[in-house]
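Analysis of the macromolecular model
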Amino acid sequence: MDLRPVALALVVSAACRGHEAAPAMRHEARVFAGGVAPPAGAPPASENPFRGDRQSAAEGERTFGVMNCDGCHGGGAVGWAGPSLRDGRWRYGGADGDIFQSIYYGQPHGMPAYGGMLPPTAIWKLVTYLQSLEPPANVPTESWR
Amino acid sequence: MTRLAVLTLLAVLPAGGTAQRGDWPMPAKDYAATRYSDLTEITGANAGRLRPVWSFSTGVLGGHEGQPLVVDHTMYVVTPYPNVLYAFDLTREGYPLKWKYRPAVDPNALGIACCDAVNRGAFYADGKIVYNLLDGHTVAVAAATGKELWKTKIADLSQGETTPVAPLVVKHRVIVGASGGEFGIHGWLKGLDLETGRIVWTAYNIGPDSQVLAKPGTFKPFYDRGTELALTSWPADVWKNGGAPVWGWMSYDADLDLLYYGTGNPAPYNPEQRAGDNKWTASVLARRPEDGTLVWAYQFTPHDSWDYDAASEMILADLTVNGRPRKVLVHFDKNGFAYTIDRATGEVLVAQPFVDVNWAKWVDVATGRPVVDSAKLTGASRGNVKEICPTLEGGKSPASPAAYSPRTGLFYLATNNMCMDYQATEATRIAGTPFIGANTPYHAGRGGYMGAFIAWDAAAGKKVWQTTEPYPVWSGAVVTAGDVAFYGTLDGWFKAADARTGKVLWRFKVGSGVVGNPITYTGRDGKQYVAVYAGIGGDWFLLSGDVRSDDPADVRPPADFMPEIARHTSQGGIVWIFAL
């Protein structure tokens, strides 16, 4: 499948939001969860419609388990083979739309694209769950006696 | 051709011709997987004078499992992902590189590898260095020049397969397997042609006899009868995503023409999704290397409910058991039992716990089956099952191979003294994502220490001595004819121990925790050298994520069961060489 138009749309959209433009993405290099590619031309929304909503966060937490996110990011998203998602730090941007796109389209280094498995609503609830998590107490400083 | 002509031909072979006595040409030094060296210069009397003579940063972080090879005064080092292969010239001052090979490896493998982006090493054969890239390829590289000779795709990342395992080369067959017990793969072993890299055969570890290569009249397991055992011990179709990866070590008996390897866990971790024994997961399999034919198999942990992979090495030794000389294989399983098995037939001769075990009361050698404590069975309907020993890290990690000295008759190994709780949950198979279904927090076992280095008598099934360590011990071992054993610790010490008493003779802080396997070899100057990697990782990067400091966007808290490990080590990647 040729997803170059989507990549272009994403880069343009990122630039329009006033963020630094991401380097051109190679969707064909992503792993597709369940072997299903995200639908071409999906609207890259930028605002989380559920931000701060507890019910949505709880639904997102369930999805985090059912979709095996915890298998890589650890229980409570504290980090495992994949990075921590609750330290307040983001490799690919922590804005609502950045987190959404990381889940929808995947990222290099093995983050699968879930856009073919999950509807945008479910992904926004996942984003809501991740945004609800408190960073661990000993981040960024650990000290020993 | 006359004998003289043959000798002349050998004399003019380029560097990388034939392995010599003091070399280390394959992961475990020999086909019996002993990790024993007959070098004698370093002894209990002088080991205290060991000193570092050289070190080299690999430029790669991540778990430096595996071991270097040394052939013809060249040292070959494979790094974790991105799997750079270095060739050091040991004949020149400072051991400069002869070449380095930098393969293209798909970075998506990083998200498919369950347990850090490790590599367990290369194999030298016929002037070639053969090893696996993490993304499911086997490569052969010319030992003399670093030129890639062939590259074969053996595994499918999209199905959760990655390839950190070290190959074993038997005659003209390159034997390889894939990881992915946490991704619901359909586990297999493959035999490639050494000259071309062509895949000659594929033998699945689970499924119908036609795929398992269990042929009538040839396949004779000691304890099982009948056909389609690896199919009928599963619910319909569940075996297709049933795991049984191959990520540990292989050995080979030339007299019996049998190749031995262990398989990993069944998938998922929640056993209620896969009723039955789930053969041949958590098993040892004996195959013909030429065509993969299965000759016998034995399952250590039927219907594994604790992630007890049987990927640990099968060490081949000739021991006197119950007054009779036997050709055995010795295996230290994650499940905490040490097995001494007749390697011609698969009969269990001795099975005794080498660490605290409570999931089973004992192993019945008449039936080959463990007598399981039903209170320790796990499953999504059973809630949080508390206090299971050992943990799923294993009484010993398969990543940390043992050594065997025919001089002392003892086996030397790193062990873990930890227990776990096990909360299984329903897991959904989504290709390319983890297929696990369990949360398993750990704590220190009886005595409060978390690891040890021990000596084991496999004929009697008894521990002979033990040196405790504060942290789990995750390095391999080597033992020499000088009666010295070497191992490393997670907090970054490399140690020499008296093979007869266990007394620590010498230690050196190597800059990062050790999860690799020491080797020893003869230098061009005739001296004995010892080499090991430093570079904490593997499961210890996952469990103690605060040993990582390289990513400002990934900052993790300490592990609750070992909150101080990051005081003593952080990630690294260093090759060390020591000598007197």
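Now for a look at the structure at hand.

Scoring rules and cut-offs
- Residues numbered from 1 in each chain as written.
- Chains lettered and ligands numbered in written order.
- Predicted model: local features only at pLDDT ≥ 70, side-chain atom pairs only at ≥ 80, totals over all residues.
- Helix = DSSP H or I, 4+ residues; strand = E, 2+ residues; numbered from the N terminus.
- Rg over C-alpha atoms; globule rule 2.2 N^0.38 Å.
- Buried ≥ 20, exposed ≤ 12 C-beta atoms within 10 Å, placed from the backbone.
- Contact = placed C-beta atoms within 7 Å.
- Pairing = 2+ DSSP bridges.
- Core = buried A, V, L, I, M, F, W, Y, C linked by C-beta atoms within 7 Å.
- Axes fitted to C-alpha atoms, helices over the stretch in contact; angles between N-to-C directions.
- Expected span 1.5 Å × (residues − 1).
- Arc of directions from axis to C-beta.

Once that is clear, we can look at the overall build of chain B. Across its full length, chain B carries five helices and 39 strands. In summary, chain B has a C-alpha radius of gyration of 22 Å against a globular reference of 25 Å for 580 residues, a match within 12%. Oriented by its inertia axes, the alpha-carbon framework of chain B measures out at about 65 × 55 × 55 Å. Burial status across chain B gives 61% buried among its 580 residues.

Below, the discussion takes up the overall build of chain A. A tally of helices and strands in chain A yields five helices and zero strands. Listing every helix and strand of chain A by position from the N terminus yields α-α-α-α-α. Put simply, chain A has 145 residues, and 43% of those count as buried. A separation of at least 24 residues holds for 68% of the contacts in chain A among residues at least 6 apart in sequence.

Bringing the pairing of strand β9 (residues 137-142) of chain B into the picture now. Residues and elements named next belong to chain B. Extensive coverage of β9 is indicated by the burial of five of its six residues. By the bridge criterion, six bridges tie strand β8 (residues 128-133) to β9 in an arrangement that is antiparallel. Each residue of the ladder has a partner; that of Ile129, found in β9, is Val141. In sequence, β8 turns back onto β9 through a hairpin of three residues, with Gly136 there showing a positive phi of about 95°. Of the pairings in the sheet, the one linking β9 to strand β10 (residues 148-153) comprises five bridges and is antiparallel in character. Bridging across to β10, Ala140 finds its partner in Trp150.

Turning our attention to unusual backbone geometry. Cis geometry marks the peptide bond from Val139 of chain A to Pro140 of chain A, where omega comes out at 5°. Turning to its location among the elements, Pro140 of chain A is positioned in the segment after α5 (120-132). With an omega of 15°, the peptide bond between Tyr81 of chain B and Pro82 of chain B qualifies as cis. Tracing the sequence through the fold places Pro82 of chain B in the loop between β4 (74-78) and β5 (85-89). The phi dihedral of Ala77 of chain A falls on the positive side, at around 60°, and the residue is not glycine. Within the secondary structure, Ala77 of chain A sits in the loop between α3 (69-73) and α4 (96-105). Positive phi outside glycine occurs at Asp257 of chain B, with the angle close to 50°. In this fold, Asp257 of chain B is placed in the loop between β15 (250-253) and β16 (258-262).

Turning to the nonpolar core, a few remarks are in order. Among the nonpolar cores identified, the biggest contains 223 residues, and Phe123, Ile315, Phe411, Tyr412, Ala477 and Ala485 of chain B are the most heavily contacted of them. Setting aside residues no more than four positions away along its own chain, Ala477 of chain B makes contact with Arg35, Ala402, Ala403, Tyr412, Leu413, Ala414, Ala485, Phe486 and Tyr487 of chain B.

Moving on: the sheet that holds strand β14 (residues 199-204) of chain B. All names here are of chain B. With respect to topology, four strands assemble into an open sheet ordered β11-β12-β13-β14, the strand pairing being antiparallel. Since the sheet does not close on itself, it has two edges, and those belong to β11 (168-170) and β14, each with one partner. On average, each strand axis in the sheet is inclined to that of its neighbour by 25°, with strand direction left out of account. Here five bridges tie strand β13 (residues 188-193) to β14, and the two strands are oriented antiparallel to one another. From the neighbouring strand, Lys190 faces β14, where its bridge partner is Thr202.

A separate point is the sheet that holds strand β2 (residues 51-57) of chain B. Residue and element names in this part refer to chain B. Across the sheet, four strands lie side by side as β2-β39-β38-β37; this open sheet has antiparallel pairing. Two strands lie at the open edges of the sheet, namely β2 and β37 (519-522), each paired on one side alone. With direction set aside, neighbouring strand axes in the sheet form an average angle of 25°. The pairing of β37 with strand β38 (residues 528-534) spans four bridges and is classified as antiparallel. Bridge pairing links Tyr521 to Tyr529 in β38.

All names here are of chain A. Counted at 1.5 Å a residue, the expected span for helix α2 (residues 54-66) with its 13 residues is 18 Å, and the 19 Å between its end C-alpha atoms agrees. Taken together, the buried positions of α2 are occupied by Ser56, Ala57, Gly60, Glu61 and Phe64. All buried residues of α2 project into a common sector of 145° when viewed along the axis, lining one side. Tucked inside the fold, the buried residues of α2 contact α3 and α5. One or two residues past the end of α2 sits Asn68, with phi positive at roughly 70°.

Note on helix geometry: an α-helix contains 3.6 residues per turn, so any two residues three or four positions apart are oriented the same way. Residues and elements named next belong to chain A. The first and last C-alpha atoms of α5 sit 18 Å apart over 13 residues, in line with the 18 Å expected at 1.5 Å per residue. Among the residues of α5, Ile123, Trp124, Lys125, Leu126, Val127, Thr128, Tyr129 and Leu130 are the ones counted as buried. In this fold, the buried residues of α5 make contact with α2 and α4.

Okay, the pairing of β38 of chain B next. Residue and element names in this part refer to chain B. Within β38, seven of the seven residues are buried, which leaves the element mostly enclosed by the surrounding structure. Going residue by residue along β38, you find Gln528, Val530, Val532 and Ala534 tucked away on one face and Tyr529, Ala531 and Tyr533 tucked away on the opposite face as well. Adjacent in sequence and paired antiparallel, β37 and β38 are bridged by five residues, among which Gly526 carries a positive phi angle near 85°. Of the strand pairs in this sheet, β38 and strand β39 (residues 574-579) are connected by five bridges, and their pairing is antiparallel. Residue Val530 lies in a different strand from β39, and its bridge partner there is Phe578.

With that settled, the discussion passes to the environment of Ala496 of chain B. Residue and element names in this part refer to chain B. Locating Ala496 in the fold gives a position in strand β35 (residues 493-498). By the C-beta count within 10 Å, which is 25 here, Ala496 ends up buried. Taking the C-alpha atoms as reference points, Ala496 and Thr43, 453 residues apart in sequence, are found 9.7 Å from one another. Not counting chain neighbours up to four residues away, the residues in contact with Ala496 comprise Ala47, Leu50, Val484, Phe486, Leu505 and Trp506.

Read these as layout, nothing more, since geometry by itself doesn't imply function.
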